[in-house]
Amino acid sequence: MTLLWGFLWGVASVATIAGGAILGVWWERKVSARIQMRYGPQQIGPYGSLQMIADVPKLLFKEDIVPDLADKAVFKLAPLFVFGPVATSMVVIPFAAGWAPVDMSVGILFFLAVPSIEVIAILLSAWASHNTLSTIGGLRATAQMISYEIPRSLAVLSVVLLAGSLRPLDVLSAWQWWWAPLTFVGFVIYFIASIAEMNRGPFDIPEADSELVAGYFADYSGMRWASFMMAEYGSMIAASLFGAVVFFGGGWPLSGAAGVVLLVIKTVLIMTAVMWVKWTFPRPRQDQLMSFCWKVLTPLALLQLVIVGAVLPWL
Amino acid sequence: MTQTSTSDVTPDTAETQPTGTEPTETVMETVVNIGPSHPSTHGVCRVVVHLDGEVITHCEPIIGHLHRGIEKMAENRTYLQVVPLTDRLDYVGSMYANWAYCRAVERLAGIRVPERAEYIRVIVCELQRIASHMMGIGSTGADTGAFTAFMYTFAQREKVVELFELLCGARLTYNYVRPGGVSRDLPDGWVEQCRAFTAQHPSAMLEIDDLLLGNVIARARLKGVGVLTQVDAVAWGTSGPIARGSGVDWDLRRDDPYSVYPRFDFSVPLGDNGDSYDRARVRVWECVESCRIINQALDQLEPGSVQAEGLPRLLAPRPGDAYDHIESARGSLGVYLVSDGSPRLYRMKVRSPAFCNLAVLPLLAKGHTLSDLVVILGSLDPVFGEVDR
Amino acid sequence: MKIEDLREHLCGIYPDLCPLFSIEFGDGVLCVSHERLHQAASDLKDLGFDRLGMVTAVDYGEEFELVYRLQSRAMHAGIFLKARIKRETPVIASVCDLWPAANWQEREVFDLFGITFDGHPDLRRILLTDDWVGYPLRKDYEDDRIIRRPDYI
């Protein structure tokens, strides 16, 4: 029964990501267009909102090109492994008090750990492509994603410390409004580290289109390429949702259905900020990115943890 | 998003090479082909890069993919028929090649150009400098991932291109400057539109400067990357913003004045360190200076003829050779013509600044990472129509 | 610097080069024999012509003429250095050791004219492919794709 339930929620999670990716792409195209003094899509549907509906069949019917020299089995499987962990991690996020798709006592750890499997899939896809640029992209992605795990987890840890539980539902029910200002630095670290985790601009170094063409997915086409795209949007949605729950109390101050709506609004705001950052900043170099992680973000996250730890005894 | 890579990649990603003196020690070297068709080679250039990890040990630009033999084609054409060919040299700044060629023809044939035509040439070429630098600065942004800056510069370029469209109907290959003058006079209301453009352009440049070069990440990416020393800049024959970024105080408009440039008051921006940042910065300030020149030229513009009187339909200059050069957006663009007295050119040679500037790429890229190579190549701002000819 | 002043300056320091100097279309031209080219280039560099602007060649049938355009930033002047070589023996000394700028330019001349530069560090084709046959800018170069345009006279 649990298995079936889990399966159903998995399907729902994939559907959420697919739907979210479709809306997200449209929203990103509109946001980036406004930032760049353009209009963005406007021909299909009101404000071009059906543009992605038209694009999905196009991607489905595109030829699935597999390079001759590629390791074919791994090349074909890798996109699934990229997409899978993201969809899996979604299921532990609670939408309202007492209502999480899967109630897990170590849900926060699960959410932080499972998407890391993506690293292996990215490296597989990069290696299987048999392409120097892809390989460099894959290696860059590995270094970057493993490093940024640390400040990201440390930032979330400060909220876990306040709630005294790794269970997402407990965090949501224990959440107080003053946690937000207290852990705001933690949120900023989480925000930056999440962008690096999802390989989005300005930290899209592994796929840097001006250097590595598209990095680890340079040789993919059609739906396999789209699954990389969906994984990117999926992790953006998941990270924004998780951030809204952990750092901004989910639906607080509302509850019930209104709370869920508020949670979605908070998520969209965080997503918009992610897009805003992407379309504003240039891309740092690989070594600058790493030194930023280890010399700035990690010490700051530790400092945040110390501050929260100092406050705890007075609670 | 690119879905298929067009980059040709060596199948053997790693090869071992003995380091010579110590045969026991080996260096793992990766050979990567950037291009010929790659988003940031700004055309069709192939750069063979030898990497140790991500650090470039050696790189070599391989050019000629866009070689159309324009110098050979010119030998088969009359003097006027070559003007459209010169458009295709530097397709980001067609007016320059037009003008350089026409100056060489005028020197060879002894044609005097009316004053109004000279003023119009200065105005369109300074506008062209802005349009061309917008491409150069914008691609600095695009290469570092700041695509928004690219769109901002292109909005400015679009305004210039619209002015050119009013002038000659074309947006890329203008064929506007002709031997003896320009092809037609300014249309009604053009001067006002041009003034409106120069009025808003400096503030737009400040905004772009702030958005792109003021950004802390962009500074980290550009500063200290691809340093060209002043000595090397002179020895390698670089010119334009690349030489001036290294502090070489050399601008043909001021130092070998041609046309009506001595009548204008403008300054030549210089860089200090010769890195990618200085080259981008020099381009930004050159645009502002160009606006000053355009405003002065529009003030001094007087009615008159725009074509030299009594030109024969078929030019056949006396035998001899002549060279003339102008300061294009990329540096000193020279045209060397040889006439044998017939109506066809005997020989045309284009001294293309981008060709000479690109030659320093291996020098600049050594020791930097693959990410920096893209930035350095972008900061040299080559246009491959002109490099390959 | 005016062209006459340049002539006086040149004659003052290198009297042997003086008779070779002439003025054509407002440009100073120094025609030397191909054996003396490298020495003359070196002398001009010492004189202050620190920039090599252009290296090219012209096919005059029996002979090729090498044309070097030099510029001096200090003197605000330009000068042409010309040397003729026989068609049968298209070899001339490279000036790469004086100006690294000559590297690519001489490769281009080698590529399109087939003139060999003695002492060039890396003389390969640059614009054309390595397996190209012939030298396109020579007047006797033949290719089916070249269509002679009719005379419009």
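Preceding block: the structure.
In this text, all values refer to a predicted model and were calculated from it rather than measured experimentally.

Participant: Account for the overall build of chain C, naming residues and giving values.
Facilitator: When its secondary structure is counted, chain C shows three helices and seven strands. Reading the secondary structure of chain C in the N-to-C direction produces α-β-β-α-β-β-β-β-α-β. Along the first, second and third principal axes, the C-alpha atoms of chain C reach 55 × 45 × 25 Å. Long-range contacts, defined as pairs at least 24 residues apart, comprise 47% of the intrachain contacts of chain C with a sequence gap of at least 6.

Participant: Account for the overall build of chain A, naming residues and giving values.
Facilitator: If you tally the helices and strands in chain A, you get 12 helices and zero strands. Scanning chain A from its N terminus toward the C terminus, one meets helices and strands in the order α-α-α-α-α-α-α-α-α-α-α-α. Taken over C-alpha atoms, the radius of gyration comes to 19 Å for chain A, in line with the 20 Å a tight globule of 315 residues would show. Referenced to the eigenvectors of the C-alpha coordinate spread, the extents of chain A come out at roughly 65 × 50 × 45 Å. When burial is assessed residue by residue, chain A has 50% of its 315 residues classed as buried. Taking the contacts inside chain A whose residues are at least 6 apart along the sequence as the reference set, 79% of them involve residues at least 24 apart.

Participant: Tell me what's going on with helix 1 (residues 2–35) of chain A, and back it up with residues and numbers.
Facilitator: Residue and element names in this part refer to chain A. Here helix 1 is 34 residues long and its end C-alpha atoms lie 46 Å apart, about the 50 Å a rise of 1.5 Å per residue gives. On its buried face, helix 1 is in contact with helix 2 (51–60), helix 3 (72–90), helix 10 (222–248) and helix 11 (256–278). Of the residues trailing helix 1, M37 is marked for its positive phi of about 60°.

Participant: With reference to specific residues and values, describe the interface of chain A and chain B.
Facilitator: Each partner contributes to the interface: chain A provides 34 residues, whereas chain B provides 36 residues. At four residues, the largest contribution of residues to the side of chain A that touches chain B is made by helix 6 (residues 132–163) of chain A. For the side of chain A that touches chain B, the class distribution of residues is 17 nonpolar, 10 polar and seven charged.

Participant: Pulling in residues and values, what's your account of the sheet that holds strand 3 (residues 51–59) of chain C?
Facilitator: All names here are of chain C. Overall, mixed pairing links the five strands, which are arranged 1-2-5-4-3 in an open sheet. Pairing within the sheet leaves two strands with one partner each, and these edge strands are strand 1 (21–24) and strand 3. Within the sheet, the average angular offset between the axes of one strand and its neighbour, ignoring direction, is 25°. Pairing analysis gives 10 bridges linking strand 4 (residues 63–72) to strand 5 (residues 77–86), with the strands arranged antiparallel. Note that in strand 5 the partner of R69 across the bridge is F80. Relative to strand 5, helix 2 (residues 37–47) is tilted by about 170°, and along the sheet it contacts strand 2 (27–33), strand 4 and strand 5. Sheet strands touched by helix 3 (residues 102–113): strand 3 and strand 4. Its angle to strand 3, the strand with the most contacts, is close to 10°.

Participant: Report on unusual backbone geometry, specifying residues and quantitative values.
Facilitator: Excluding glycine, a negative phi dihedral is what most residues carry, and trans is how most peptide bonds are arranged. Residues and elements named next belong to chain A. Its identity is not glycine, yet Y47 carries a phi of approximately 55°, on the positive side. Secondary-structure assignment places Y47 in the loop between helix 1 and helix 2. Positive phi, close to 55°, is recorded for N199, a residue that is not glycine. With respect to the secondary-structure elements, N199 resides in the loop between helix 9 (184–197) and helix 10.

Participant: Just give me the short version of the nonpolar core, but keep the residues and values in it.
Facilitator: Counting residues in hydrophobic clusters, the biggest one holds 247 residues, and the most contacted among them are L337 and L373 of chain B together with L81 of chain C. Among residues more than four places away in sequence, those in contact with L81 of chain C are L30, V32, A40, A41, L44, Y68 and L70 of chain C.

Participant: Pulling in residues and values, what's your account of the interface of chain B and chain C?
Facilitator: Counting residues at the interface gives 34 residues for chain B and 28 residues for chain C. Within the residue set of the side of chain B that touches chain C, elements represented by two or more residues are helix 1 (70–74), helix 3 (94–109), helix 8 (230–235), strand 7 (320–328), strand 8 (331–339), strand 9 (345–351) and helix 12 (353–358) of chain B. It is strand 8 of chain B that provides the largest number of residues to the side of chain B that touches chain C, a total of four residues. Taken together, the residues of the side of chain B that touches chain C break down into 15 nonpolar, nine polar and 10 charged.

Participant: Account for the sheet that holds strand 7 of chain B, naming residues and giving values.
Facilitator: All names here are of chain B. With antiparallel pairing, three strands are arranged side by side in an open sheet as 7-8-9. Strands with a single pairing partner mark the edges of an open sheet, and in this sheet they are strand 7 and strand 9. Strand-to-strand twist across the sheet, computed as the mean angle between neighbouring axes with direction ignored, equals 15°. By the bridge criterion, six bridges tie strand 8 to strand 9 in an arrangement that is antiparallel. Counted as the bridge partner of V335 is V350 from strand 9.

Participant: I'd like to hear about the environment of G119 of chain C, residue by residue, with values.
Facilitator: Residues and elements named next belong to chain C. Here G119 shows up in the segment after strand 7 (116–118). For G119, a count of 13 C-beta atoms within 10 Å translates into the label partly exposed. For the pair G119 and D97, spaced 22 residues apart in sequence, the C-alpha to C-alpha distance is 8.3 Å. Residues within four places of G119 in sequence aside, it is in contact with A93, S94, C96 and D97.

Participant: Pulling in residues and values, what's your account of the environment of A54 of chain A?
Facilitator: By the element assignment, A54 of chain A lies in helix 2. Through-space distance from the C-alpha of A54 of chain A to that of I44 of chain A is 8.2 Å; in sequence the pair is 10 residues apart.

Participant: Run through the packing of helix 5 (residues 117–128) of chain A against helix 6 of chain A, naming residues and quoting values.
Facilitator: Pairs of packed helices are described in terms of their axes, by the angle between the two and the distance that separates them. Residue and element names in this part refer to chain A. Running from N to C, helix 5 and helix 6 point in directions that differ by 170°, and their axes come no closer than 8 Å. Here helix 5 is positioned roughly antiparallel relative to helix 6, judged by the angle of their axes. Crossing angle aside, the handedness with which helix 5 passes helix 6 is left-handed. Taken together, the residues of helix 6 that come into contact with helix 5 (itself represented by V119, I122, L123, A126 and W127) are S134, T135, G137, G138, A141, T142, M145 and I146. A class-by-class count of the residues in the contact of helix 5 with helix 6 yields eight nonpolar, five polar and no charged.

Participant: Any chance you could break down the arrangement of the chains for me, citing the residues and the numbers?
Facilitator: Sorting the two pairs of chains in contact by contact count puts chains A and B at the top. Here chain A and chain C are not in contact; the least distance found between their C-alpha atoms is 25 Å.

Analysis parameters
- Residues numbered from 1 in each chain as written.
- Chains lettered and ligands numbered in written order.
- Predicted model: local features only at pLDDT ≥ 70, side-chain atom pairs only at ≥ 80, totals over all residues.
- Helix = DSSP H or I, 4+ residues; strand = E, 2+ residues; numbered from the N terminus.
- Contact = placed C-beta atoms within 7 Å.
- Rg over C-alpha atoms; globule rule 2.2 N^0.38 Å.
- Buried ≥ 20, exposed ≤ 12 C-beta atoms within 10 Å, placed from the backbone.
- Expected span 1.5 Å × (residues − 1).
- Nonpolar A, V, L, I, M, F, W, Y, C, P; charged D, E, K, R; others polar.
- Pairing = 2+ DSSP bridges.
- Axes fitted to C-alpha atoms, helices over the stretch in contact; angles between N-to-C directions.
- Core = buried A, V, L, I, M, F, W, Y, C linked by C-beta atoms within 7 Å.
- Parallel < 35°, antiparallel > 145°, perpendicular 65-115°, else oblique.
- Left-handed = near helix turned anticlockwise from the far one by under 90°.

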